[in-house]
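Notes for the structure review
So the chains spell out like this:
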Amino acid sequence: MVETASFGRFHFNHHRPDLKRWFPAFLSSHRTLFTILWIVAFASVFVWQRNIVEELLTFRRVPARQLPRLRPAVYNLTDFGGVGDGVTVNTEAFERAISAISKLGKNGGGQLNVPAGNWLTAPFNLTSHMTLFLDQDAVILGIQDEKYWPLMPPLPSYGYGREHRGARYGSLIHGQNLKDVVITVYGHNGTINGQGQTWWKKYKQKLLNHTRGPLVQIMWSSDIVISNITLRDSPFWTLHPYDCKNITIKNLTILAPLYEAPNTDGIDPDSCEDMVIEDCYISVGDDGIAIKSGWDQYGVAYGRPSVNILIRNLVTRSIVSAGVSIGSEMSGGVSNVTVENLLVWNSRRAVRIKTSPGRGGYVRNINYRNVTFDNVRVGIVIKTDYNEHPDDGFDPKALPILEDISFNGVHGQQVRVPVRIHGSEEIPVKNVTFRDMSVGTTYKKKHIFQCAYIEGRVIGTVFPAPCDNLDRYDEQGRLVKRSNSQNVTDIDYDF
């Protein structure tokens with residue numbers, strides 16, 4: 001008797017399997033099993049895809065990311081009716097939110113979150129003890145029709161107006177007599193965009209009757225922090241702190257077209273005290289930074305200098321002007337300025353001081369350290385005949401004082417004229433020091449280190465060869481040769 005064992009529909013003979021009968025049955029059963037497995041796999045994929053789609057849809061429904069709380073009270077612009085579609089005008093939403101924050105000063109102030117989106121608005125005013133906190137995907141857009149931009153009195157240190165006599169347009173984001181204000185971004189690249197293209201076009205066509213407004217202007221204020229944000233396409237100067245104290249500007253990206261964007265300076269500290277500007281990238285249609293303190297007799301009368309300013313770790317670019325400038329409106333005085341770790345590339349000029357008879361005031365105690373030029377026409381410029389005046393009431397005998405200016409660690413390549421210091425008999429440039437300078441040049445002419453009416457010294461080795469106006473010292477600071485040619489002029493504007 002043969003023993004058999006049953007397993008389902010298959011019967012296995014322990015002694016001698018019947019292969020002819022077993023193989024078709026095995027094949028048929030495995031086809032059925034394969035079909036079942038294929039159906040299960042297909043169903044699994046279907047369920048998986050459906051779950052993935054549901055997860056994606058759920059992800060899309062997740063509310064905007066939560067911004068960190070930096071103040072005791074936190075509001076979202078949407079709480080006040082804001083709509084970030086790039087079309088809805090959100091001026092009233094900003095105003096209502098800031099009005100609510102203005103009541104909280106005694107309790108530490110408030111934070112206004114601007115979520116991801118495009119938030120079109122007319123100009124609005126900030127308040128004290130406030131943080132304007134943009135999401136990294138938020139863009140505040142300035143409305144382009146100038147009828148929505150309020151008119152303000154001229155700046156007192158500029159007389160009757162910068163571009164036109166009389167009233168001027170206000171800034172997109174404005175503040176006066178404030179304390180403890182922060183403008184920042186959660187993440188990177190939250191943007192304030194002035195949409196200045198219409199303004200630039202009307203300015204060139206002489207269709208504007210008032211001076212254009214800045215993008216951000218803070219006046220008569222203290223304890224201001226602006227960080228981690230992109231500012232772009234300002235109608236006029238981009239960031240203009242005016243008569244402020246204790247300002248920190250950090251990690252900004254400031255952009256405007258290199259051409260056809262007139263007067264779009266990056267940062268213009270104006271009659272400011274105790275200020276730090278650091279870790280910024282600036283590429284604009286005028287000066288990257290321009291330190292100011294009022295214009296001619298109006299700046300002299302206002303009498304507020306720009307003092308104690310540190311500028312460091314910057315990359316700047318300006319095809320039509322300079323990377324970092326002082327002046328030309330410097331009539332209240334500029335002193336105690338340090339510029340260090342600066343790269344200026346593909347620019348017309350790198351660092352510049354500009355003034356003229358009629359300005360009055362002074363520029364003194366200015367220190368440049370570790371400055372690099374890359375493909376720049378003129379590296380260092382001091383110009384004393386920048387003759388632009390607010391009106392005919394300036395005093396031509398009000399002569400500015402330029403003194404105590406040092407350059408230590410100046411390097412570069414592809415520079416046409418490394419130095420052009422153009423003092424005059426009326427306005428000599430005094431006590432200038434060069435040390436550790438080596439700049440590769442594109443011209444082989446002899447006089448590319450150009451000087452006129454300058455007194456100062458060269459310490460150690462400087463390349464290219466300095467002008468004869470300067471005393472020579474060795475590396476240890478010992479006098480090697482005294483110059484008797486301070487008033488010699490070898491300025492050549494032909495190249």
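Residues numbered from 1 in each chain as written. Predicted model: local features only at pLDDT ≥ 70, side-chain atom pairs only at ≥ 80, totals over all residues. Heavy atoms only, no water.

1. As for the overall build of the protein chain
Scanning the protein chain for helices and strands turns up four helices and 32 strands. Here the protein chain, with 495 residues, has 50% of them falling under the buried criterion. Surface summary for the protein chain: the accessible area is close to 23200 Å², and the carbon and sulfur share equals 53%. (Helix = DSSP H or I, 4+ residues; strand = E, 2+ residues; numbered from the N terminus. Buried < 20%, exposed > 50% of the residue type's maximum accessible area, 1.4 Å probe, protein only. Areas by Shrake-Rupley, 256 points an atom, 1.4 Å probe, with all protein chains shown as cover.)

2. So, the nonpolar core
Core analysis: the largest hydrophobic core is formed by 100 residues, its most contacted members being L126, L132, I173, I192, Y368 and F434. Not counting chain neighbours up to four residues away, the residues in contact with Y368 comprise I326, V339, V351, I353, I405, S406, F407 and N408. Counting eight residues, the second-largest nonpolar core is a separate cluster that includes L155, F236, W237 and W295. (Core = buried A, V, L, I, M, F, W, Y, C linked by side-chain atoms within 4.5 Å. Contact = heavy atoms within 4.5 Å.)

3. So, the packing of aromatic side chains
For the structure on display, the rule yields 14 aromatic pairs. With 5.5 Å between their ring centres and 70° between their planes, Y75 and F80 make a pair best called edge-to-face. The exposure class of Y75 is partly exposed, given its relative accessible area of 22%. Centroid distance F236 to W237: 4.8 Å. Interplanar angle 15°. Geometry classified as stacked. Like F236, the residue W237 is buried in the burial classification. Following the ring pairs from residue to residue traces out a cluster consisting of Y158, F236, W237 and W295. Stacked on the ring of W295, the Lys or Arg R162 has its end atom at 4.5 Å from the ring centre. (Phe/Tyr/Trp six-rings, centres within 6.5 Å; stacked < 30°, edge-to-face > 60°. Lys NZ or Arg CZ within 6 Å of the ring centre and 35° of its normal.)

4. Description of the sheet that holds strand 18 (residues 239-242)
With respect to topology, four strands assemble into an open sheet ordered 7-12-15-18, the strand pairing being parallel. Taken across any chain shown, the strands that pair with only one partner, and hence form the sheet edges, are strand 7 (124-125) and strand 18. Alignment of strand 15 (residues 216-219) against strand 18, held across four bridges, turns out to be parallel. Within strand 18, the residue paired with Q217 across the bridge is H240. (Pairing = 2+ DSSP bridges.)

5. What to know about the state of the cysteines
Such a bond, covalent and formed between the sulfur atoms of two cysteines, is termed a disulfide. Within this structure, the stated rule accounts for one disulfide. The side chain of C451 participates in a disulfide bridge whose partner is C467; the two sulfur atoms lie 2.0 Å from each other. Across the disulfide from C451 to C467, rotation about the S-S bond amounts to roughly -80°, and the bridge is consequently left-handed. Highlighted residues: C451 in strand 29 (residues 449-452) and C467 in the loop between strand 30 (454-463) and strand 31 (471-473), separated in sequence by 16 residues. Of the two residues examined, C451 and C467, each falls in the buried class. With no disulfide partner, C244 has as its closest neighbouring cysteine sulfur the one in C272, 4.9 Å distant. (Disulfide = S-S within 2.5 Å.)

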